[in-house]
Amino acid sequence: MKRLITLFFAAIMFSACQQQAPVEVLATTSVMADAARQILPEEIQVVALMQSNIDPHSYKPVESDVAKLNSATIVLHNGLHLEGKMTDILEKVGRSKPVYAMSSALKQNDLIEVGPNVHDPHIWFDLNLWARCVEGLGGFLALQYPDYREGIIANTERYAAELRAAHADFATALMDVSDSNRAMVTAHDAFSYFGRAFAIEVKGLQGVSTAAEFGVNDMRSTAEFIIERELTTVFTETSVNSKSIEALKEAVEQKGGEVKLGEPLFSDALGEQGTPEATLIGAFKYNTTQILNSLK
Ligand SMILES: [Zn+2]
């Protein structure tokens with residue numbers, strides 16, 4: 001009998017674990033989740049739909065994601081088609097609850113155009129630009145959670161100032177690097193806003209979306225760029241398969257050049273929870289340390 005009772009309770013516990021607790025604020029990627037965590041009080045739970053190492057361009061929501069999207073009070077996303085395979089579901093969810101796009105705080109002329117009416121979505125490593133997105137988010141969340149309004153506004157101001165300070169610190173560190181040495185190559189075009197902000201010429205082997213294929217010409221022109229600019233390092237990214245960059249290294253060597261693979265940069269996803277790189281500022285500091293070492 002005792003055993004039966006134990007089994008009965010174990011079954012109840014198991015079924016309770018199977019049921020997902022409702023999510024308060026659901027963000028598509030870790031970058032968006034970090035922004036919300038920095039400015040919301042701790043008691044408001046923020047969850048990222050995509051974990052570390054996940055590529056948002058090709059991510060298709062699974063059944064449990066749809067359940068999370070449906071149960072969340074608020075949904076945050078980047079916009080500008082970063083979450084390319086989630087456009088329909090975000091629009092559908094937006095009919096019944098607030099769905100906020102971080103990029104909505106920016107104006108058309110803040111954005112890098114990559115095609116007719118198509119804009120580069122990777123706005124977060126220009127920390128000055130992202131600080132404005134965070135201020136927009138703060139205004140939105142203050143309206144959604146009026147009981148916490150004052151704290152949200154204070155946190156938003158503090159965090160936006162921290163972002164701008166980290167940006168200024170890297171600009172100062174870069175002063176030792178001559179204009180002609182400011183160039184870098186990564187797996188996909190995630191660093192164009194970063195490059196524009198710091199006058200670094202950035203080339204990605206793949207386009208702004210990892211969903212786009214790259215061809216022989218892209219491989220050849222990128223290899224030539226590395227040799228011409230005498231780059232010592234090419235960077236893989238944590239959320240992108242490194243095979244393409246390994247092939248690029250071989251292409252450089254076939255042309256008589258030499259280049260090494262740098263530590264993977266954080267681009268579309270931040271680091272694992274519990275590491276310094278789980279925050280945008282932590283990931284930015286990590287990336288810029290690697291990049292600075294490669295440029296000197
Ligand atoms: Zn990307």
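All figures in this text were calculated on a predicted structure; none of them were measured in a lab. (Residues numbered from 1 in each chain as written. Predicted model: local features only at pLDDT ≥ 70, side-chain atom pairs only at ≥ 80, totals over all residues.)

## Focus: the sheet that holds strand 4 (residues 99-101)
How we decide: For two strands to count as paired, DSSP must find a minimum of two bridges between them. For the purposes of this entry, the term helix denotes a DSSP run of H or I that reaches at least four residues, the term strand denotes a run of E that reaches at least two, and both are numbered from the N terminus. Note on geometry: axes are lines fitted to C-alpha atoms, helical ones only across the stretch in contact, with angles between N-to-C directions running from 0 to 180 degrees. By the convention adopted here, residues make contact when the C-beta atoms placed from their backbones lie within 7 Å.
Across the sheet, which stays open at both edges, the four strands sit in the order 2-1-3-4 with parallel pairing between neighbours. Two strands lie at the open edges of the sheet, namely strand 2 (46-48) and strand 4, each paired on one side alone. Averaged over all neighbouring strand pairs, the angle between strand axes comes to 20°, with direction disregarded. Strand direction decides the pairing type here: strand 3 (residues 74-77) and strand 4, joined by three bridges, are parallel. Counterpart to His77 in the pairing with strand 4 is Ala101. Each of strand 1 (25-27), strand 2 and strand 3 is contacted by helix 2 (residues 30-39), which is oriented at about 170° to strand 2, the strand it contacts most.

## A few points about unusual backbone geometry
Note the threshold: Think of it as a crowd count around each C-beta: if 20 or more other C-beta atoms lie within 10 Å the residue is buried, if 12 or fewer it is exposed, and in between it is partly exposed, with C-beta placed from the backbone throughout.
Of note, the phi angle at Leu80 is positive, near 55°, even though the residue is not glycine. Structurally, the position occupied by Leu80 is in the loop between strand 3 and helix 4 (87-93). Residue classification places Leu80 among the buried residues on the basis of 22 C-beta atoms within 10 Å. Notably, Glu230 is not glycine yet its phi reads approximately 55°, a positive angle. Along the chain, the position of Glu230 falls in the loop between helix 8 (216-228) and strand 9 (233-237).

## Overview of helix 6 (residues 149-173)
So the rule is basically this: Each helix should span, by expectation, one fewer than its residue count multiplied by 1.5 Å.
Its 25 residues give helix 6 an end-to-end C-alpha distance of 36 Å, which sits within 8% of 36 Å, the value for a rise of 1.5 Å per residue. Taken as a whole, helix 6 has its buried residues at Ile152, Asn155, Thr156, Tyr159, Ala160, Leu163 and His167. Taken together, the buried residues of helix 6 touch helix 2, helix 5 (127-144) and helix 10 (280-295).

## Digging into the environment of Arg37
Take Arg37: it is sitting in helix 2. Arg37 gets classed as buried once you count the C-beta atoms within 10 Å, which come to 21. As a C-alpha pair, Arg37 and Val25 span 12 residues in sequence and 9.5 Å in three-dimensional space.

## Focus on the nonpolar core
We apply this condition: What we call a nonpolar core is a set of buried Ala, Val, Leu, Ile, Met, Phe, Trp, Tyr and Cys residues whose membership is set by joining through C-beta atoms within 7 Å.
Counting residues in each nonpolar core, the largest one holds 68 residues, and the members touching the most others are Ala27, Ala36 and Val134. Here the element with the most residues in this core is helix 5; it accounts for eight residues. Look past the residues within four positions of Ala27 in its chain and what remains in contact with it is Met32, Ala33, Ala36, Val46, Ala48, Leu49 and Leu76.

## Looking at the packing of helix 2 against helix 5
Where we set the bar: Comment on the angle field: the value is read as roughly parallel under 35 degrees, roughly antiparallel over 145, roughly perpendicular from 65 to 115, and oblique elsewhere. Handedness of a helix crossing follows the sense of rotation of the near helix relative to the far helix, less than a right angle counterclockwise being left-handed and clockwise being right-handed. Charged means Asp, Glu, Lys or Arg here, nonpolar means Ala, Val, Leu, Ile, Met, Phe, Trp, Tyr, Cys or Pro, and polar covers whatever is left, Gly included.
At a closest axis distance of 10 Å, the pairing of helix 2 and helix 5 adopts a crossing angle of 60°. Judged by the angle between their axes, helix 2 and helix 5 are oblique. Pair helix 2 / helix 5 crosses with right-handed handedness. On the side of helix 2, the interface is formed by Ala35, Ala36 and Ile39, while helix 5 contributes Val134, Leu137, Gly138 and Leu141. For the contact of helix 2 with helix 5, the residue count by class is six nonpolar, one polar and no charged.

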